[in-house]
Amino acid sequence: MSDKHIGHQDIGHQHFETLAIHAGQAADAQTGAVVTPIYQVSTYKQDGVGGLRGGYEYSRSANPTRTALEENLAALEGGSRGLAFASGLAAEDCLLRTMLAPGDHVVIPDDAYGGTFRLFAKVVERWGVRWSVADTSDVQAVRDALRPETRLIWVETPSNPLLGITDIAALAGVARQAGVRLVVDNTFASPYLQQPLALGADVVVHSTTKYMGGHSDVVGGALVTSDAGLGEELAYHQNAMGAVAGPFDAWLVMRGVKTLAVRMDRHSANATRVADMLAAHPKVAQVYYPGLPEHAGHEVAAKQMKAFGGMVSFRVVGGEDAAVAVCDRAELFTLGESLGGVESLIEHPGRMTHASVAGSALEVPADLVRLSVGIEAADDLLADLAQALG
Ligand SMILES: *Cc1c(COP(=O)(O)O)cnc(C)c1O
């Protein structure tokens, strides 16, 4: 696996791995507990009317466990403000309702996460926000999609499920020139592998359900920005709309993040072995993994990512039925939606995660299988895929 150093892995004086464990995590003042406690509390005693002890008043507005996570997330993305939500889509909803008004237009990727597409097509559109899709891996296509009323360019890289790669720095240039904001969904890469703010993005979106949590035991989301004014506006809306991360969920994400670096190294190493094996397999028609030199986005990915991540998709010779059969025969790879946990998952996007985009510009090939490659022994994963392909 590539271990090349990209300069922006250094945030302030400490390295990513150190910040993941320590940022926002000062030992509890009262007990010395080295792990931030779960402050399972809704309200706080005031010393006289308005006399707040730690600045805490009511846990929708702020909660110490959530604050610890939010400071940690801000440090890991190199931003000034982090906000934790009840889910990735709750974070997206807050972002869109903070930044957009009726009549505004957004450019979204032609292979966006299905839930993101649904939020635009079925919810936000009803409030008068317009959207159009573009192949965001093509800088000119994004430029062509801009309208006078465009406010946001939305990017997901690597994308889901086709692992398309978008040049974040190039689109940050396009956005700056046009006076629009660039939003990057960094769920697939995680801040260990890719830091969009340092590449010029305005806001980073996460489903912390995935690699940040990392253990398939929590649903959560996050926003991070380095624009202090926008951070304030987002925090205002987070409180006004209320879809915050609860204390226990915030604690679980924090627990996961501490091992993010070692997990992402292993996910990437295992996925590289899986992609190489699939690329050489006679029953596989095509493999999508940005680490493969023949992948269309390989060069850009190598420029903006530390390694290539744990997601691999492939097309099976024999069409949809053959792809479904591979999913059914897999044993160690668990058949299920979601991704980013320590355990390997397999799924059929056309019938599962991406069923909601059937018939749209975001429809995925029917013979596609998506893998979330976990951190088990790579040899065991290769053996399972070999038997599943038959
Ligand atoms: C899962 C996911 C989301 C949505 O997050 P939830 O936590 O499920 O609400 C958004 N973007 C990407 C890339 C995802 O994988």
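Reading the values: rules and limits
- Residues numbered from 1 in each chain as written.
- Predicted model: local features only at pLDDT ≥ 70, side-chain atom pairs only at ≥ 80, totals over all residues.
- Heavy atoms only, no water.
- Pairing = 2+ DSSP bridges.
- Helix = DSSP H or I, 4+ residues; strand = E, 2+ residues; numbered from the N terminus.
- Axes fitted to C-alpha atoms, helices over the stretch in contact; angles between N-to-C directions.
- Contact = heavy atoms within 4.5 Å.
- Domains from an automatic or database assignment.
- Buried area = accessible area lost by both parts, 1.4 Å probe.
- Salt bridge = Lys/Arg side-chain N within 4 Å of Asp/Glu carboxyl O.
- Core = buried A, V, L, I, M, F, W, Y, C linked by side-chain atoms within 4.5 Å.
- Buried < 20%, exposed > 50% of the residue type's maximum accessible area, 1.4 Å probe, protein only.

Asks: It is not clear to me how the sheet that holds strand E3 (residues 81–85) should be interpreted in this structure. Could you clarify?
Replies: As a general point, the strands of a sheet are linked pairwise by backbone hydrogen bonds and lie either parallel or antiparallel. With mixed pairing, the seven strands of this open sheet are ordered in space as E3-E9-E8-E7-E6-E4-E5. With partners counted over all chains shown, the strands left at the sheet margins are E3 and strand E5 (130–134), one partner each. If you compare each strand with its neighbour and ignore which way they point, the axes differ by 20 degrees on average. Of the strand pairs in this sheet, E3 and strand E9 (residues 221–225) are connected by five bridges, and their pairing is antiparallel. Counted as the bridge partner of Ala84 is Ala222 from E9. Against the sheet, helix H3 (residues 88–99) touches E3, strand E6 (150–156), strand E7 (181–185), strand E8 (203–207) and E9, its axis set at about 150 degrees to E8.

Asks: In this structure, what is going on with the domain arrangement of the protein? I would like to understand it.
Replies: Where the parts come together, the accessible area they lose is often given as the size of the interface. Taken domain by domain, the protein holds domain 1 (8–257) and domain 2 (260–389). For domain 1 versus domain 2, the separation of C-alpha centres amounts to 26 Å. Facing 38 residues of domain 1, the contacting portion of domain 2 comprises 42 residues. When domain 1 packs against domain 2, the two sides together hide about 3,200 Å² of surface, and 66% of this comes from carbon and sulfur. Across the domain 1-domain 2 interface, the total number found is one salt bridge.

Asks: What am I meant to see in the nonpolar core here?
Replies: Generally speaking, a soluble globular protein has its nonpolar side chains buried in company with each other. Leu278, Val287, Val312, Phe314 and Leu371 are the most contacted members of the largest nonpolar core, which totals 68 residues. It is helix H10 (residues 260–279) that contributes the most residues to this core, eight residues altogether. For this core, the two domains that each supply at least three residues are domain 1 (8–257) and domain 2 (260–389). Residues contacting Leu278, with those up to four places away along its chain left out, are Val284, Val287, Val312, Phe314, Leu371 and Leu389.

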